[in-house]
Every structure is written in C-alpha cells, then in structure tokens.
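Overview (structure and organization)
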Amino acid sequence: MFIDHIRIYAEAGDGGNGVVHFRREKFKPKGGPDGGDGGDGGDVILRVDPAVDNLKAYSYDPKLIAKHGQHGAGNRKHGKTSKDKIGRVPPGTVVYRSNASTVSEAVELERGDGIDLEPIADLTEYGEEFVLCKGGKGGKGNWHYKTSTNQAPEEHTLGTEAELGVFYLELRKIADAGMVGFPNAGKSTLVNKLSHATPKIGNYPFTTLNPMVGVVEFPKYRRCTVADIPGLIEGAHENRGLGHEFLRHITRCKLLLFVIDMAGSEGRDPIEDLQTLRTEVKMYDEDLSKFEWIIIANKMDLEGAEENLEIFKQRFPKQTIIPLSADTEEGIEDLKKELDQRVGYRKDTK
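Remember, it's a predicted structure, so these values are computed and weren't measured experimentally.

**Regarding the packing of aromatic side chains**
Under the counting rule described, the total for this entry stands at 2 aromatic pairs. Ring centres of Phe258 and Trp293 lie 5.5 Å apart, and the angle between their planes is 85°; on these two criteria the pair is classed as edge-to-face. Remark: Trp293 occurs in strand E13 (residues 292-298) and Phe258 occurs in strand E12 (residues 255-261); sequence separation between them is 35 residues. By relative accessible area, Trp293 is classed as buried at 16%. Seen from their ring centres, Phe312 and Phe316 are 5.0 Å apart, and the 45° between their planes marks the pair as tilted. Given the relative accessible area of 0%, Phe312 is considered buried. Classification of Phe316 by relative accessible area gives buried; the value is 15%. Stacked on the ring of Trp293, the Lys or Arg Arg278 has its end atom at 4.1 Å from the ring centre. Between Arg315 and the ring centre of Phe316, over which it is positioned, the NZ or CZ distance is 4.9 Å.

In structure tokens:
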C-alpha cells in the first residue's frame, strides 16, 4: 500500500507543575522552601528518514502524542523532562496546518469544504527535523520565591500547556526528471531499462499503482533520478483515473519527459496524446506548463511508428524528440546522454 497524503493529529506534552514544599528534617525545623520545578513536556518532531518512502505508517496510527513533563518534588527535585515524540517521514514531505484543532472538527470541515490548510514546512533533506508541536515548559517551585521578607513562600507556577492540532502530510517525490504519459505508453519499462528500479509491468489500463523513482548512472560518476508517474487519462486534473493522485510528484522535477506511444498501438493518435497530456498538466498546475520538457517517442520498433514520427516532427519542429524502443533498448543511450546534459550531476556534489 502506497500512501502519499494523510491527515494526522499531533499533541505535545504539557509541562509539569512546580510544587510548594517545605523542608522538614530532624534538627532542622525551619529548613525553608524546597519545592522543585516541573519538567518540560516532550515536543512532537518530524524527522526525514531515508529508510521511509511513503506515509503508510500513519494510516495505521495517525497520532503523534508526546508525554507530559513530571511534576516537581521536595528537596528541590526537578521533575523529569519527557522525551520528544519523533515521527519519521520520507524526503519530499510537505506539512500543512489545518484550521481545525481536533480530528472530528477537521472531518466536519472537510465534509463542508471549509478546510483551510496552511503550508508550514517542506522537508527535503535527510536528517532534517521540524518541530510540529512544541511541548509545554515546566513550572517553578516555591524555593524560587524565597526572599528576606518572605521566608515561607507558597507561590509557585504551573506547567504551561503544549501545542496540539491537526496536520496534513503530503509527499511529493523528489526526482530530477518525471515521466508523464498515458497508460501502457511504456514508462515503467523505460525506467526499468534506464535504472535499477523494478516496477510491476503488465498490459493493463493502470499498471503502475505508485510513483517509482529510479537512479540513472552516467559516465564520470554522474547520475540523475527519474520518476515514473502513473498513467494519466483525459480529465485527470478533475480527479479522473489514477494519474491525478500522483501529479503532485512532478512538481519537484526539473525536466518533464512526455512518453508517447508513437506507433499508436492502443488506437490513439500520438499528436492528440501529447496535446492532451500537456493540457492535463497545465490544468493541474499552471506553473508545470513552464517547466523544461522533451518528448520521448517510444515503441519505435512497432509498425507505423516511423510514419507517425515524421508527421510528429512536422507538427513540433522546435521540440526535442528522442525516438527509442524501451523493449529493444534501441535509443536508450541517446536518452541517457540527453538526461546527463540537462539534469545530470556528480554524486558527490548534490
């Protein structure tokens, strides 16, 4: 199961209370105030973990709750500060704060379309941390308030309340190049041949059920990452089919690769395919239409592909078109050279 967006509830720990206490020991009847301070409550922290690749864990337990700080005690004993609650997330996680404070309130807002989400963090680097909810501070014991004129103070402070709330986590896969195309255009096969990724491949209307990211190696210790975005259909920007669920993953790409079945083996027209794909991407996010993009003319080993390619080149004379066959691997090296030139980088410099 692949989960790339989910609602969670987070609650940090309240601070422990400072206490009022007076020292009473043998031979020290007037030992004075010695009430200790309360401990701090634990924070709720999101940490980017390279071993996590989606948000599935939160579908089982969508809560992150830290423990409260302990209260102080006599003899100036400080209450124990609670440990932070760590939530592991994959790189590329965007964090939104809901205007709801409870899960039930968030559900009601969603039903009424009254939800208001505010982006508060974009976590991309391994080991990066973000404090989602800050724990409360411990209160002060009465020994802090002893003065020359107040030898037996009963003043103390309570621990402060912690932050809590409802948050939305959205994963946007990080890749240098993103493949966009109709189902069965050959994206999964192409990623498999370009890299070491092993997506499930088959002749179905929707083969890839989650975004796959493969690493493409180039000479001189260079590389790039390529994402296979599940196949789009017309109307994807209106939440039709599976593609809309994963269009968010191409928003981080530097280069868009429009994979076209140049042979029209599914009974579609290659030119219409490209125009539809470009429209769907633009309708989803206007900024995506401004991204650098190239065309991959796939399935060139099939009948009719050469004739369609000539017509295609006449229709898009200024656009970079790379003809290839993912099945036979003919043209794969040409695509690798293009990727290296446009988005390749040295392993030790990114």
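**Observations concerning the pairing of strand E2 (residues 44-48)**
In terms of residue burial, E2 counts as a mostly covered element, since 4 of its 5 residues are buried. Note that E2 and strand E4 (residues 85-89) share 5 bridges and pair parallel. The residue bridging Leu46 from the neighbouring strand is Gly87, located in E4. In this structure, E2 lies alongside strand E7 (residues 129-133), joined through 4 bridges in antiparallel fashion. Bridge assignment links Val44 to a residue of E7, and that residue is Cys133.

**Examining the UniProt feature "binding site: Mg(2+)" (unreviewed entry) in the protein**
The UniProt record annotates "binding site: Mg(2+)" (unreviewed entry) at Ser188 and Thr208. In this structure, Ser188 sits in helix H3 (residues 187-194). A residue is classified by how much of its surface remains accessible, and Ser188, at 8% relative accessible area, is buried.

**Some remarks on the sheet that holds E4**
Taken together, 3 strands build an open sheet; the order of strands is E4-E2-E7 and the sheet is mixed. With partners counted over all chains shown, the strands left at the sheet margins are E4 and E7, one partner each. Taking each pair of neighbouring strands and ignoring which way they run, the sheet shows an average axis angle of 30°.

**Digging into the pattern of salt bridges**
Going through the model one piece at a time under the given rule, you end up with 18 salt bridges. Between Arg88 and Asp49 there is a salt bridge; the shortest N-O distance is 2.8 Å. Highlighted residues: Arg88 in strand E4 and Asp49 in the loop between E2 and helix H1 (57-60), separated in sequence by 39 residues. When the shortest N-O distance is used, the salt bridge between Glu170 and Arg248 registers 3.0 Å. Separated by 78 residues along the polypeptide, Glu170 in strand E8 (residues 164-171) and Arg248 in the loop between helix H4 (243-246) and E12 bring together distant segments of the chain. Of the two residues, Glu170 and Arg248, neither departs from the other in class, the shared state being buried. Through salt bridges with shared partners, a single ionic network connects Asp4, Glu170, Arg172 and Arg248.

Conventions we followed
- Residues numbered from 1 in each chain as written.
- Predicted model: local features only at pLDDT ≥ 70, side-chain atom pairs only at ≥ 80, totals over all residues.
- Heavy atoms only, no water.
- Phe/Tyr/Trp six-rings, centres within 6.5 Å; stacked < 30°, edge-to-face > 60°.
- Helix = DSSP H or I, 4+ residues; strand = E, 2+ residues; numbered from the N terminus.
- Buried < 20%, exposed > 50% of the residue type's maximum accessible area, 1.4 Å probe, protein only.
- Lys NZ or Arg CZ within 6 Å of the ring centre and 35° of its normal.
- Pairing = 2+ DSSP bridges.
- UniProt positions renumbered as here; feature names shortened; annotations may be inferred.
- Axes fitted to C-alpha atoms, helices over the stretch in contact; angles between N-to-C directions.
- Salt bridge = Lys/Arg side-chain N within 4 Å of Asp/Glu carboxyl O.

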